[in-house]
Amino acid sequence: MLYVILVFAPLVGAIVAGLFGRQIGDRGAQIVTCGLMGLSALFSVIAIFSTVGAEPFRVPLFTWMNVATFEVDWALRIDALSGVMMFVVSFISFFIHVYSVGYMSHDKSIPRFMSYLSLFTFAMLMLVTSDNLIQLFFGWEGVGVASYLLIGFWYTKPSACAAAIKAFLVNRVGDVGLMLGIAVCYLLFDSVQYDVIFAGAAAMADATVVVFGGEFHALTVVGILLFIGAMGKSAQLGLHTWLPDAMEGPTPVSALIHAATMVTAGVFLVARFSPVYEYAPVALAMVAFIGASTAIFAATIGLTQFDIKRVIAYSTCSQLGYMFFACGVGAYSAGIFHLYTHAFFKALLFLGAGSVIHAMSDEQDMRKMGGIWRKIPVTYAMMWIGTLALVGFPFTAGFYSKDAILEAAWASTNSFHLYAFWLGITAAVLTAFYSGRLIFMTFHGPCRADEHVQSHIHESPKVMTIPLGVLAAGALLAGFFGYGMIAEDGSWWAGAIFSHPDNTVLHDLHYVPLWVKLSPIVAMAVGLGLSYLFYMRMTEMPGRVASALKPLHTFFYNKWYFDELYDRIFVRPAKALGLGLWRGGDQAIIDRFGPDGVAAAALATARRASRLQTGFVYHYAFAMLIGVAFLVSWYMMVGRG
Amino acid sequence: MSDWPLLSLVTFLPLVGAAFILLIRGEAAIVAQNARAVALWTSLVTFLLSLLILANFDSSQAGFQLVEQRPWLPGFGIDYHMGVDGISLWFVLLSTLLTVVVIIGSWHSVQTRVKEYMIAFLVMETLMVGVFCALDLVLFYVFFEGILIPMYLIIGVWGGARRIYASFKFFLYTLIGSVLFLVAILVMYLQAGTTDIPTLMETTFDENLQRWLWLAMFASFAVKVPMWPFHTWLPDAHVEAPTAGSVLLAGVLLKLGGYGFLRFSLPMLPDASLYFAPLIYALSVIAIVYTSFVALMQTDMKKLIAYSSVAHMGIVTIGIFTPNALGIQGSIIQMLSHGIVSGALFMVVGVVYDRIHSREIARYDGLAERMPSYALVFMIFMLASVGLPGTSGFVGEVLILVGIFQTNSWVALFAASGMVLGAAYMLWLYRRTIFGSLTKDDLKLIKDMRPNEVIAFAPLVVLVFLMGVYPSFFLDPMAASVDNLLVQIGAAESPASLAQR
């Protein structure tokens, strides 16, 4: 019952605020959604404590669909993995609800906003507690729609609408992979239930499946298809283009959905399917390769952006890459550990950025900020805490999880493990550099805002700074509390994350050379030091480096031209094809040789043809009506007798 | 209760109502008022009676229930034979429900020839219910072709400017199909000596003959569905039809093709159905991809939704010919869902058309500002059309995709691409009409939905979620009949046995 309330309380809040927002007013909607979310968050704290190391169990609700052997229930799967996820989702969501009360206080549709936030939380909770693939898909699409609604929340802004549609469509591309992955699972296991699939995975280790005209290793096919879904949701290289644009949404949305929770759903999926991935080394290699590539790719773009939210968005993309290659090298628990710590410090960074934007009268361009740290000291301190955790400063939350990931990458036997390690280290330098750049550009140096904005700079109200404080505490301390997640005996998970007996990466990562252990700290120090040099001491350096490396800088600044490329090869051809098929196919060919052609021919042979035809319809009609009347009367007479 | 001729009652009650309306005399306004009232009450009572069919339906039985059989043309062995099974049951209810909905929906929007309008819809209801209950080929054919008449009239009298062209196009397509279907009926009658549907299901036809019969029926059903490339009548018919006509056209009439495949092609001509399944796959895949692209570029709201219907029905025809339990049950529930969702989407267009008298997408912008309730309703049906889990659109889609994957993974891949394309044109439509800023002067005064519109949408919204969250309510009664159908076509192969192959 506790878990049912935990999951469904946000839904109730969403419905009440959404449908009766006008009746209960702004304040009422805030109280209802925050109250129910608070309840859920409270229960999620109980949940994480009671699920650690506990046996999985399921809470069945009712039947969803049941066709032949395709049996799907609405049910909650409660185990250590869903326990951690429920905690991350509910806990952070609650504080973001509270923060939104302050952040959105000037908006005219507060109930709608609170309703969407709660709706998102509900869908995300359904996703992480799903006990079968179809329910996972429900949550998966549900968070997608909530994200679509929230990105497009300010629907009068054309850029917001475009970003909302883009997010939904790019995700849908990934969803095709996920859906086909579900179909393969059903083909192999005759079920979409996790229990059945995980129990049967070992037996399928050598099975093959005939799909798409070839015979392939079955679990590899499953792994790759599911990962394509994960790539869409978690904005991995190739399907990442929607995430930066999603920053069009209000900042609390960016913090909750596009940093802390929804985008990590892909990592959750891979960890949840560890019993399958453990038997699919090729799929794991792909996960590691894409993850590591994304980590470095997004970091290079983050170096060059000026929009404060976009820098953090690319940072998120890059950190998600870390989580994926952690899973790829077999250290699923390290991936989830990073997911959990990242949720705190990245939400903190976004909310901090929101507080800055709020103070700067909705300015997001870092070139128009600077020197404001004295005016908003609380926000400044919070941003530093988030930054230190992100770059992995010793004893902050990010330090533990990023270290574990990089060490695991070194120690693993995955064919891409060194690729992942070196790219991971390089990305760590870049991360530290762009994080420092963000802090220095935003808070230090001369203030580049105009007079009017400067006179309005103010610290945010308590309702915003208190959630920041809580998240900052998490960003500092979450590492200690979650360290048990990567214990090598896996006692935290009690089987919720599966490791093949041959997979000893969690053991081996403690026995890496000293320089490997130290390299993340060195990377961090180099990156932060360089950014201090560039943006505090020698402020002409960035411009000089940028012009010296002009082609590279332009390439990074324009995000590797992915948007332009996709517009060229997908969007424009699609429109041209649509127009061509309509005008050319339907009108010029089918109609011309079909009905219109026949009509023209008929007209040519007999000028009265069309009139005859029309006449015929009415004759036909008349005859039919008489027939029906006859039928009825006849039936009434005979039927009685 | 059970010895009442319940099916005949439901079928012919609307006709009685129509007769009453015919008798109404007097001042135009009063006639209109009374005609509306009689039509509403008749359709409501009919709907309630049709619920009794559901109440008396035994889900555990595979065969036909509530059967009525009396000699009709004794010399030819043709009977008046009615009955429902798990396959037809829901279509009967869909027809009776949608009739009520369109009568409420057009309460204010139709002001000319109200009397004739209501009569046309009640006659239409009789024919729609009849076609799904008929268990004799001749009887079926009478209803099947008879439906076209009120539809022609609705388009022709209350339709738009190019109605003659549209109905002519429709006529040409259906004429060829109908003639061939009639020939098929005659051949079957000559071969088997009966037109009784349950008997014909037990009859085995020569394999070569099956193929010819199958093609003849295909001609008729493919036009109705409509399958590519027989679809070009649909956008024109929808554009010219009044809202209520579009709702029934999309909601019920398009389902006749799918129903025909399930009722005739599969059980009576099983070998030919398996033989021609690749043809169906090919045409359906083309339909999904092709019409989705075409829908993307439409500038007329109704045309866009009409093209989306072709794409959605493409998924349905794939499901029917999977042929396995997932695909077939999925296709039935997809047809029900499409009937509700696309019907509702046409009503959504009708709401703004009544106010602004334009179907041009570019004519609208930022409606969310003035019409929040409308925006919500539109959003729900838009998402259901996209196949969002939790709405009715998802259940059929997932069952069909998983079902066809067991048979042919390539078809599944192409069908799944519809998930992306379908989302593209629907979201874009929504963005261009509902989102954005309200700049046009007359839109600044546009009013949100009227009470009658809210009442008309309410049951459809409830059903979209009921079917999405608890589809078992709809799937369970059809299970036995579908299993029986699979036995008849000898394709009751379980997915597991396929996997081991």
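Residues numbered from 1 in each chain as written. Chains lettered and ligands numbered in written order. Predicted model: local features only at pLDDT ≥ 70, side-chain atom pairs only at ≥ 80, totals over all residues. Heavy atoms only, no water.

**Digging into the overall build of chain A**
Here is step 1 of the chain: A tally of regular secondary structure across chain A gives 27 helices and 4 strands.
Here is step 2 of the chain: Taken over the C-alpha trace, chain A has a radius of gyration of 28 Å; the compact-globule value for 641 residues is 26 Å, and the two agree within 12%.
Here is step 3 of the chain: In terms of overall dimensions, chain A has C-alpha extents of about 95 × 65 × 55 Å along its principal axes.
Here is step 4 of the chain: Looking at the 641 residues of chain A, the share that counts as buried comes to 61%.
Here is step 5 of the chain: In chain A, 80% of the contacts between residues at least 6 apart in sequence involve partners at least 24 apart.
Here is step 6 of the chain: Accessible surface computed for chain A: about 22900 Å², of which carbon and sulfur atoms make up 69%. (Helix = DSSP H or I, 4+ residues; strand = E, 2+ residues; numbered from the N terminus. Rg over C-alpha atoms; globule rule 2.2 N^0.38 Å. Buried < 20%, exposed > 50% of the residue type's maximum accessible area, 1.4 Å probe, protein only. Contact = heavy atoms within 4.5 Å. Areas by Shrake-Rupley, 256 points an atom, 1.4 Å probe, with all protein chains shown as cover.)

**Considerations on the state of the cysteines**
Residue and element names in this part refer to chain A.
Here is step 1 of the chain: With the rule as written, the count across this model stands at 0 disulfides over all chains.
Here is step 2 of the chain: Cysteine 185 forms no disulfide, and the closest cysteine sulfur to it belongs to cysteine 327, at a distance of 17 Å.
Here is step 3 of the chain: A relative accessible area of 0% means that cysteine 185 is categorised as buried.
Here is step 4 of the chain: Of all cysteine sulfurs in the structure, the one in cysteine 317 sits closest to cysteine 327, which takes part in no disulfide; the separation is 16 Å. (Disulfide = S-S within 2.5 Å.)

**Some words on the packing of aromatic side chains**
Residues and elements named next belong to chain A.
Here is step 1 of the chain: Inspection of every chain in the model, using the stated rule, returns 93 aromatic pairs over all chains.
Here is step 2 of the chain: Note on phenylalanine 297 and phenylalanine 562: the rings are 5.6 Å apart at their centroids and 75° apart in plane angle, and the pair reads as edge-to-face. Residue phenylalanine 297 is found in helix α13 (residues 281-304), and its partner phenylalanine 562 is found in helix α25 (residues 562-593); the two are separated by 265 residues along the sequence.
Here is step 3 of the chain: We classify phenylalanine 562 as buried; its relative accessible area is 15%.
Here is step 4 of the chain: The ring of phenylalanine 306 carries the charged tip of arginine 367 above its face, separated from the ring centre by 3.9 Å.
Here is step 5 of the chain: Of note, lysine 402 hangs over the ring of tyrosine 322, and the distance from its end group to the ring centre comes to 5.3 Å. (Phe/Tyr/Trp six-rings, centres within 6.5 Å; stacked < 30°, edge-to-face > 60°. Lys NZ or Arg CZ within 6 Å of the ring centre and 35° of its normal.)

**Considering the interface of chain B and chain A**
How big an interface is tends to be reported as the loss of accessible area on association of its parts.
Here is step 1 of the chain: Chain B puts 84 residues into the contact, and the matching count from chain A is 69 residues.
Here is step 2 of the chain: Overall, the association of chain B and chain A removes approximately 7100 Å² of surface from exposure, summing both partners, and the carbon and sulfur fraction of that is 77%.
Here is step 3 of the chain: Taken as a group, Met297(B), Phe405(B) and Met419(B) account for 9% of the area that chain B buries against chain A, more than any other trio of residues on that side.
Here is step 4 of the chain: Connecting chain B to chain A are 1 salt bridge.
Here is step 5 of the chain: Note that Lys108(A) is salt-bridged to Glu369(B), the shortest N-O span being 3.6 Å.
Here is step 6 of the chain: The interface formed by chain B and chain A includes 8 residue pairs in polar contact (both at pLDDT 80 or more).
Here is step 7 of the chain: Of the residues contributing to the side of chain B that touches chain A, the split by class is 62 nonpolar, 14 polar and 8 charged. (Buried area = accessible area lost by both parts, 1.4 Å probe. Salt bridge = Lys/Arg side-chain N within 4 Å of Asp/Glu carboxyl O. Polar contact = N/O pair within 3.5 Å; in protein donor to acceptor, adjacent residues only side chain to side chain. Nonpolar A, V, L, I, M, F, W, Y, C, P; charged D, E, K, R; others polar.)

**Let's talk about the confidence of the model for chain B**
Residue and element names in this part refer to chain B.
Here is step 1 of the chain: Scored by pLDDT, chain B has a mean of 88; 97% of the residues are at 70 or more.
Here is step 2 of the chain: By mean pLDDT, helix α21 (residues 495-500) is the weakest element of chain B at 40, and helix α3 (residues 89-105) is the strongest at 94.
Here is step 3 of the chain: Overall, residues 492-501 carries pLDDT values under 50, and its contacts beyond four positions in sequence, including any with other chains, amount to 10 contacts.
Here is step 4 of the chain: Reported confidence for the predicted complex is 0.92 by ipTM and 0.91 by pTM. (pLDDT = per-residue confidence, 0-100.)

**Focus: unusual backbone geometry**
Here is step 1 of the chain: Val225(B) connects to Pro226(B) through a cis peptide bond whose omega is -15°.
Here is step 2 of the chain: By secondary structure assignment, the location of Pro226(B) is in the loop between α9 (207-224) and α10 (233-240).
Here is step 3 of the chain: Note the cis peptide between Trp228(B) and Pro229(B), where omega equals 5°.
Here is step 4 of the chain: With respect to the secondary-structure elements, Pro229(B) resides in the loop between α9 and α10.
Here is step 5 of the chain: Look at Asp190(A): it is not a glycine, yet its phi comes out positive at around 60°.
Here is step 6 of the chain: Within the fold, Asp190(A) resides in the loop between α6 (158-189) and α7 (194-201).
Here is step 7 of the chain: Although it is not a glycine, Asp362(A) sits at a positive phi angle of roughly 65°.

**A closer look at a nonpolar patch on the surface**
All names here are of chain A.
Here is step 1 of the chain: On the surface, Leu514, Leu518, Val522, Val526, Leu530, Leu533 and Met538 cluster together into a nonpolar patch covering about 580 Å² of accessible area.
Here is step 2 of the chain: Mapped onto the fold, leucine 514 is located in helix α22 (residues 514-537).
Here is step 3 of the chain: Given a relative accessible area of 60%, leucine 514 falls into the exposed group. (Patch = residues over 30% accessible without salt bridge, like charges linked within 9 Å, V, L, I, M, F, W, Y side chains within 5 Å.)

**Digging into the side chain of Thr33(A)**
Here is step 1 of the chain: Inspection of the secondary structure assignment puts Thr33(A) in helix α2 (residues 21-51).
Here is step 2 of the chain: In contact with Thr33(A), not counting residues within four places along its chain, are Gly13(A), Ala17(A), His97(A), Met114(A) and Ser118(A).

**Some thoughts on empty space enclosed by the protein**
Residue and element names in this part refer to chain B.
Here is step 1 of the chain: Using the criterion set out here, one finds 6 cavities of 30 Å³ or more in the structure.
Here is step 2 of the chain: In this structure, the largest cavity spans a volume of roughly 120 Å³.
Here is step 3 of the chain: Surrounding the largest cavity, 16 residues form its lining, His312, Glu397, Gly418, Met419 and Gly422 being those nearest its centre.
Here is step 4 of the chain: Put simply, the parts of the chain that give the lining of the largest cavity at least two residues each are α13 (270-296), α14 (301-320), α16 (372-386) and α18 (409-433). (1 Å grid on protein atoms, 1.4 Å probe; cavity = no way out; pocket = protein on both sides within 12 Å on 5 of 7 lines; lining within 4 Å. Points joined across faces, edges and corners; volume = space filled by probe spheres on them.)

**Regarding the environment of Glu278(A)**
Residue and element names in this part refer to chain A.
Here is step 1 of the chain: Mapping glutamate 278 onto the fold places it in the loop between α12 (274-277) and α13.
Here is step 2 of the chain: Along the chain, glutamate 278 and alanine 205 lie 73 residues apart, while their C-alpha atoms are 9.2 Å from each other.
Here is step 3 of the chain: Discounting residues that sit within four places of it in the chain, glutamate 278 has contacts with Leu284, Tyr332, Phe498, Ser499, His500 and Asn503.

**So, the pattern of salt bridges**
Here is step 1 of the chain: Applying the stated criterion across every chain yields a total of 20 salt bridges over all chains.
Here is step 2 of the chain: With a shortest N-O distance of 2.8 Å, Asp563(A) and Lys166(A) are connected by a salt bridge. Taken together, the residues span a long stretch of sequence, with Asp563(A) in helix α25 and Lys166(A) in helix α6 at a distance of 397 residues.
Here is step 3 of the chain: The class for Asp563(A) is partly exposed, based on a relative accessible area of 25%.
Here is step 4 of the chain: Its salt-bridge partner being Arg355(B), residue Glu453(B) comes within 3.0 Å of it at the nearest N-O pair. Taken as a pair, Glu453(B) in helix α19 (residues 451-469) and Arg355(B) in helix α15 (residues 325-356) lie far apart in primary sequence, 98 residues in all.

**Things to note about the pairing of strand β1 (residues 57-67) of chain A**
Residue and element names in this part refer to chain A.
Here is step 1 of the chain: Taken together, the 9 bridges between β1 and strand β2 (residues 70-78) define a ladder with antiparallel strand orientation. Pairing of asparagine 66 across the sheet is with glutamate 71, part of β2.
Here is step 2 of the chain: Between the end of β1 and the start of β2, which pair antiparallel, lie 2 residues, with alanine 68 showing a positive phi angle near 50°. (Pairing = 2+ DSSP bridges.)

**Quick notes on α7(A)**
Here is step 1 of the chain: Among all positions of α7(A), only Tyr194(A), Ile197(A), Phe198(A), Gly200(A) and Ala201(A) are buried.
Here is step 2 of the chain: Close packing links the buried residues of α7(A) with β2, α5 (133-151), α6, α8 (218-233), α11 (265-272) and α12 of chain A.

**Observations concerning the pairing of strand β3 (residues 208-211) of chain A**
Here is step 1 of the chain: Here β3(A) shows a clear split, with Val209(A) and Val211(A) buried on one side and none of Thr208(A) and Val210(A) buried on the other.
Here is step 2 of the chain: Turn length for the β3(A)-strand β4 (residues 214-217) of chain A hairpin, with the two strands adjacent in sequence and antiparallel, is 2 residues, and the turn residue Phe212(A) shows positive phi of about 50°.

**Focus: the confidence of the model for chain A**
Here is step 1 of the chain: Summarising the model, chain A shows a mean pLDDT of 87, and 92% of its residues fall at 70 or more.
Here is step 2 of the chain: This model gives residues 606-615 of chain A a pLDDT under 50, and the stretch forms 5 contacts once residues within four places in sequence are excluded.

**Things to note about α13(A)**
Here is step 1 of the chain: In this model, α13(A) (24 residues) spans 36 Å end to end at C-alpha, consistent with the 34 Å of a helix rising 1.5 Å per residue.
Here is step 2 of the chain: Taking burial as the measure, the 24 residues of α13(A) include 20 buried ones, the bulk of the element. (Expected span 1.5 Å × (residues − 1).)

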